[in-house]
Amino acid sequence: INAGLMLEAMSAGAMEVFEKPSQGLTDEICEQLMRVLRTAAAAQLPREVAPAPVPSSASARAASVCVMVASTGGPRTLERILQRLSPKDTLPLVLIQHTLPGFTDELVRWLGRTSGFAVCSPRDRAPLARGWLYLANDGSDLELTGQGFRSARGAVNGPHPCGDVTLASAVRTFLGKAAGVVLTGMGNDGARGLRAIAECGGQVAVQRPDSCVIAGMPQAALQATPHAQVFDPIQIAAWVAALSRAQ
């Protein structure tokens, strides 16, 4: 599959991409196609709503890192968020984006080209730095430790990379100075990790469900953490900027 073309299509509004099979429709391929069709059937067009006030720095507290978790609809939402941030003034961002196998490298290039951020898939023990966006590799989980990043093969059921794993590691490493946000996507990844950050005194937000392509992940996060702040993508960018300015 042409990953670059796939990203351009998703940026333009495509909800899912399915690679044409080279050897016919096997039972496994048919099941994959059905999953894609079910995802597309569950999708909604984000509603146009009146602009809401953007968050201010008054209620924001300093954070050391912000972990973002996204799935279906994530690339376009991330593009909208990142384009409204100044990389040199932004705290370290860690992105858990559910992707197809082999998709990560092109996503790194695309996000770097469209956002202006320095973007990479971090090596083990690489440190966090302001102005960087760190993207987890497909097929493995990404943890934050006192010695930097650590990759691990998924030990829990569900997607890999797993947002819950990264969010939980942010709590262990940064305690109340961890921040997390769950964006558009199907399923419930990120819900448990966001609750862990909130219970430790960190700052948490959820993309407003009616602004999502698929609202499953934000809705699950709100069930787990009812008092999470709820923002559209433009407000999320302002929230991240406020976290970055707070002292």
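Criteria and cut-off values
Residues numbered from 1 in each chain as written. Predicted model: local features only at pLDDT ≥ 70, side-chain atom pairs only at ≥ 80, totals over all residues. Heavy atoms only, no water. Phe/Tyr/Trp six-rings, centres within 6.5 Å; stacked < 30°, edge-to-face > 60°. Buried < 20%, exposed > 50% of the residue type's maximum accessible area, 1.4 Å probe, protein only. Helix = DSSP H or I, 4+ residues; strand = E, 2+ residues; numbered from the N terminus. Arc of directions from axis to C-beta. Contact = heavy atoms within 4.5 Å. Core = buried A, V, L, I, M, F, W, Y, C linked by side-chain atoms within 4.5 Å.

Glancing now at the packing of aromatic side chains. Scanning the entire structure with this criterion turns up 3 aromatic pairs. With centroids separated by 6.0 Å and ring planes inclined at 15 degrees, the aromatic side chains of Trp 132 and Tyr 134 adopt a geometry described as stacked. Accessibility expressed as a relative area gives 32% for Trp 132, which makes it partly exposed. Ring centres 4.8 Å apart and planes at 45 degrees place the aromatic pair Tyr 134 and Phe 149 in the tilted group. Remark: Phe 149 occurs in strand S6 (residues 148-152) and Tyr 134 occurs in strand S4 (residues 132-135); sequence separation between them is 15 residues. For the pair shown, Tyr 134 and Phe 149 are each scored as buried.

Turning to helix H7 (residues 216-224), its buried residues number three or more, namely Met 217, Pro 218, Ala 220 and Ala 221. Down the axis, H7 shows its buried residues gathered within 160 degrees of arc, on one side only. Looking at the packing, one finds that the buried side of H7 touches strand S1 (65-70), strand S7 (178-182), helix H6 (191-199) and strand S8 (203-207).

Further remarks concern the environment of Trp 132. Its location among the elements puts Trp 132 in strand S4. Here the alpha-carbon distance between Trp 132 and Leu 91, two residues 41 residues apart in the chain, equals 7.8 Å. The contacts of Trp 132, once residues within four sequence positions are left out, are Pro 92, Leu 93, Phe 117, Ala 118, Val 119 and Cys 120.

What follows is about the nonpolar core. Ranked by internal contacts, the top residues of the largest apolar core, which has 35 residues, are Cys 66, Met 68, Leu 85, Leu 93, Leu 111, Leu 133 and Trp 239. When contributions to this core are tallied by element, the ones reaching two or more residues are S1, helix H3 (74-82), strand S2 (93-97), helix H4 (104-115), S4, S7 and helix H8 (233-245). Considering each element in turn, this core owes the most residues, 7 residues, to H8. In terms of nonpolar packing, the next biggest core, distinct from the first, is built from 23 residues, Val 94, Ile 96, Leu 167 and Ala 178 among them.

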